[in-house]
Amino acid sequence: MAFAAIGASAACVAALAPMQSNASSHREAPLIASTPSLDNTDLYAFVSPDMQDTVTLISNWSPFEEPNGGPNYYPFAESTAHDINIDNDGDARPDIVYRWTFSTTYQNDATFLYTTGPVTSLADKDLNIRQTYKLQRITPTETKTILKSARVAPSFTGKASMPDYAALSNAAITSAGAGSKSFAGQADDPFFADLRVFDLLYGGDLSEVGQDTLKGYNVNTIALRVPKADLALKSDATRNPIVGIWTTTKRLGASMNGKPATSVQVSRLGMPLVNEAVLPLRVKNQFNATRPMDDAKFLKYVTNPEVPRLMEAIYKIPAPATPRTDLVEVFLTGVCKTGCTGPVAADLNSQLLNKDVDKKEFAPSEQLRLNMGVPASANPNRLGVVGGDLAGFPNGRRLADDVLDVTVQAAEGVLLPGASDTVKGLGDGVNANDHEFRSSFPYVSLPNMVGVNES
């Protein structure tokens, strides 16, 4: 049942203030909205379905890339650290950081063209604007360069310039060690949702839901596949299967308040929709600059969320009683803690499950948590844990997981005992991406070639 199946009442719509228009983490805060190349839009983490002794991490940047947006298109930002952070001991500090930094070269600066002829390889002389990247694995004890100058799949400029874009994209898949692969390049935006949710929750009229607002747009994608042992505490994924993951964007060599700094964090993302639909405007920029270890300051927005109050005002769906300890599990500690009474019968992805974690040091914080011990599902359910599929969101996040529906249902109390059928059926009518995902790494779909209003 989609939102459209719920009886609508618009009596309170006029009294409610407008909500800022965002996506999973697209344009989610005032400052980052003005610098889209630094805007980290989505994070995914899942056991690789075709190589289940590995985990795939995917992070996207630069929202709403219109495919025909030349002549410069959409390079990855330079002088910027694109980081995927791993916390494997529950202290809300990064134990492992995978860092991509990008460089750009021009073959011919006397032309305005991105491509000067048909491009058939990443080294083709007609690919005028090229990017490469350095990939590092950073721990408290060492920094290891995994790749020094790996090639980036360029923006897709069209069939005339790039007659076989799939070959160019596949050529950017690079070995990064035993069992590991890395990819950086443009892709179709895998996030799918009807974002009119931000227009007063569909304007009080649910008859027009179901339009995928992200359809036709591209993003810049970074993907990494690594053995589970590379992420696990003490390299033991059997004994310590839980990892927390978040991404950050840092401007290198930037300054803050006139004082020199080695880097400034300008974007952060773990769980989807937190900065969009949980945090109020006054703290959105602050959240993007905050470390997970300092997340206690945001707790009150999780335990007393705004979305259920809006749903009750507009659609008369009763808001669950506060404080919302069930949402603390979803967003801050992992689902479920010992003694939870929701649809998950036992602990799923709290880092307290790791046998070598110091329980006294466990720090609730906003991260995407993944239990690497749960195998990939042979029959994935788009609603993940809520749909009975423990291999899906909020246990990690797969590309096909319907995070908007799950998050709204969670906000309305689907993880609480006695959740109503109305709550269990909430959704936006957009249940899948408009393109099929690839069956192997990097899994994301090829980028769109034409504008959003073309077929």
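Reading the values: rules and limits
Residues numbered from 1 in each chain as written. Predicted model: local features only at pLDDT ≥ 70, side-chain atom pairs only at ≥ 80, totals over all residues. Heavy atoms only, no water. Helix = DSSP H or I, 4+ residues; strand = E, 2+ residues; numbered from the N terminus. Buried < 20%, exposed > 50% of the residue type's maximum accessible area, 1.4 Å probe, protein only. Contact = heavy atoms within 4.5 Å. Areas by Shrake-Rupley, 256 points an atom, 1.4 Å probe, with all protein chains shown as cover. Pairing = 2+ DSSP bridges. 1 Å grid on protein atoms, 1.4 Å probe; cavity = no way out; pocket = protein on both sides within 12 Å on 5 of 7 lines; lining within 4 Å. Points joined across faces, edges and corners; volume = space filled by probe spheres on them. Arc of directions from axis to C-beta. Core = buried A, V, L, I, M, F, W, Y, C linked by side-chain atoms within 4.5 Å.

- Named according to an unreviewed UniProt entry, the protein is DUF4331 domain-containing protein originating from Winogradskya humida.

### A look at the overall build of the protein
Thinking step 1. The number of helices and strands found in the protein is 9 helices and 14 strands.
Thinking step 2. Out of the 455 residues in the protein, the part that is buried amounts to 57%.
Thinking step 3. At a minimum sequence separation of 6, the contacts of the protein that also span at least 24 residues come to 65%.
Thinking step 4. Accessible surface, the protein: about 18300 Å² in total, of which carbon and sulfur atoms supply 52%.

### Let's talk about the pairing of strand E14 (residues 368–371)
Thinking step 1. Of the two faces of E14, both are covered, the one formed by Leu 368 and Leu 370 as well as the one formed by Arg 369 and Asn 371.
Thinking step 2. By the bridge criterion, 4 bridges tie strand E10 (residues 242–252) to E14 in an arrangement that is antiparallel. Bridge pairing links Val 243 to Leu 370 in E14.

### Side note on the sheet that holds strand E7 (residues 174–175)
Thinking step 1. What the 5 strands build is an open sheet, ordered E1-E2-E9-E8-E7; its pairing is antiparallel. Edge positions in the open sheet fall to strand E1 (40–47) and E7, since each of these has one partner strand only.
Thinking step 2. Of the strand pairs in this sheet, E1 and strand E2 (residues 54–65) are connected by 7 bridges, and their pairing is antiparallel. Looking across to E2, one finds that Asp 42 is bridged to Asn 60.

### Some remarks on empty space enclosed by the protein
Thinking step 1. Counted by the stated rule, this structure contains 6 cavities of 30 Å³ or more.
Thinking step 2. Estimates place the volume of the largest cavity at around 250 Å³.
Thinking step 3. Around the largest cavity, the lining comprises 20 residues; the ones closest to its centre are Ala 277, Val 307, Thr 407, Val 408 and Ala 411.
Thinking step 4. For the lining of the largest cavity, the secondary structure elements donating two or more residues are helix H6 (306–315), helix H7 (325–333) and helix H8 (403–411).
Thinking step 5. Per-element accounting of the lining of the largest cavity gives the leading share, 5 residues, to H8.

### Focus: H6
Thinking step 1. Along H6, the residues classified as buried are Val 307, Pro 308, Leu 310, Met 311, Ile 314 and Tyr 315. Take H6 and look down its axis: the buried residues cluster within an arc of 160°, on one side only.
Thinking step 2. Contacts from the buried residues of H6 go to helix H2 (200–203), helix H3 (274–277) and H8.
Thinking step 3. Phi turns positive, to about 65°, at Lys 316, one or two residues after H6.

### Here we look at the environment of Pro 140
Thinking step 1. For Pro 140, the position within the fold is in the loop between strand E5 (129–138) and strand E6 (143–151).
Thinking step 2. With 46 residues separating them along the chain, Pro 140 and Pro 94 place their C-alpha atoms 8.6 Å apart.

### Some points on H7
Thinking step 1. Taken across its 9 residues, H7 has 8 buried, putting it largely inside the fold.
Thinking step 2. Among all positions of H7, only Asp 326, Leu 327, Val 328, Glu 329, Val 330, Phe 331, Leu 332 and Thr 333 are buried.
Thinking step 3. Residues of H7 that are buried in the fold lie against H3, helix H5 (299–303), E14 and H8.
Thinking step 4. Following H7 by one or two positions, Gly 334 has its phi on the positive side, about 105°.

### Here we look at the nonpolar core
Thinking step 1. The biggest cluster of nonpolar side chains holds 97 residues, and the ones touching the most others in it are Ile 86, Tyr 98, Trp 100, Tyr 133, Ile 245 and Phe 331.
Thinking step 2. The dominant element in this core, judged by the number of residues it contributes, is H8, at 6 residues.

### As for the environment of Leu 383
Thinking step 1. Along the chain, Leu 383 falls in the loop between E14 and H8.
Thinking step 2. Sequence spacing of Leu 383 and Asp 402 is 19 residues, and the spatial spacing of their C-alpha atoms is 5.8 Å.
Thinking step 3. Setting aside chain neighbours within four positions, we find Leu 383 in contact with Phe 393, Asp 402, Asp 405, Val 406 and Gln 409.

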